[in-house]
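Given next are the chains, with one letter for each unit.
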Amino acid sequence: MAASDTLVDLHEKALRLLREDADKIEKLIAIQMENLTTRKCPLYEEVLDTQMYGFSRAVDFAVRTGLVDESAGKLLISQLERNLAMLYEALEKKEE
């Protein structure tokens, strides 16, 4: 296997792992939102903030090490933020 093939494999693996982490965060937040009576629960907000911070640090690390392009890293974070916003809106509609 050539060095360039190994590098491509590492890039793909890094992106796959970050996407899996984003999916886990979405699922965790969805479960919490279903089980909470109000979305303004401090625990929910703390978990969301902690998860998003941890994810953004993981993306930052991957970008700084060259495993993920900066644009791809920003896209992962913005997609997760959009998906969480849609989840949040769905809960609001469900509560109405």
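Residues numbered from 1 in each chain as written. Predicted model: local features only at pLDDT ≥ 70, side-chain atom pairs only at ≥ 80, totals over all residues. Heavy atoms only, no water.

Q: I would appreciate a short explanation of the overall build of the chain in the present structure.
A: From N to C terminus, the chain includes 3 helices and 0 strands. Here the chain holds 96 residues, and 26% of them are scored as buried. Counted over contacts in the chain with a minimum sequence separation of 6, partners at least 24 positions apart contribute 69%. Carbon and sulfur atoms provide 56% of the accessible area of the chain, an area that totals close to 6,700 Å². (Helix = DSSP H or I, 4+ residues; strand = E, 2+ residues; numbered from the N terminus. Buried < 20%, exposed > 50% of the residue type's maximum accessible area, 1.4 Å probe, protein only. Contact = heavy atoms within 4.5 Å. Areas by Shrake-Rupley, 256 points an atom, 1.4 Å probe, with all protein chains shown as cover.)

Q: Any chance you could explain the pattern of salt bridges here in plain terms?
A: Charged atoms that come close allow side chains of opposite charge to pair. Within the structure shown, the criterion is met by 4 salt bridges. Residues R57 and D60 are paired through a salt bridge, measuring 3.2 Å at the closest nitrogen-oxygen approach. Residue R57 and its partner D60 are located together in helix α2 (residues 42-64), separated by 3 residues, close to a single helical turn. Taking relative accessible area as the criterion, R57 reaches 38% and is therefore assigned partly exposed. Accessibility expressed as a relative area gives 25% for D60, which makes it partly exposed. (Salt bridge = Lys/Arg side-chain N within 4 Å of Asp/Glu carboxyl O.)

Q: Would you mind showing me how to read the nonpolar core here?
A: Generally speaking, a soluble globular protein has its nonpolar side chains buried in company with each other. Of all hydrophobic cores here, the largest spans 19 residues; its most connected members are L18, I29, F55, L80 and L84. When residues no more than four places from it in sequence are discounted, the contact partners of I29 are Y44, V47, L48, L84 and L87. (Core = buried A, V, L, I, M, F, W, Y, C linked by side-chain atoms within 4.5 Å.)

Q: Explanation requested: the side chain of E26 in the structure shown.
A: Within the element layout of this structure, E26 appears in helix α1 (residues 3-35). Although E26 is buried, it makes no salt bridge; K27 carries the closest opposite charge, 8.5 Å away. (Lys, Arg positive; Asp, Glu negative; His and termini not counted.)

Q: Would you mind showing me how to read α1 here?
A: Because each turn of an α-helix spans 3.6 residues, side chains separated by three or four positions end up pointing in the same direction. For α1, spanning 33 residues, the distance from its first C-alpha to its last is 48 Å, which sits close to the expected 48 Å at 1.5 Å a residue. Listed as buried for α1 are A14, L15, L18, A22, I25, E26, I29, Q32 and M33. (Expected span 1.5 Å × (residues − 1).)

Q: Before we go on, may I ask you to explain the environment of A90 in this structure?
A: Mapped onto the fold, A90 is located in helix α3 (residues 70-95). Put simply, A90 and A30 are 60 residues apart on the chain and 10.0 Å apart in space, counted from C-alpha to C-alpha.

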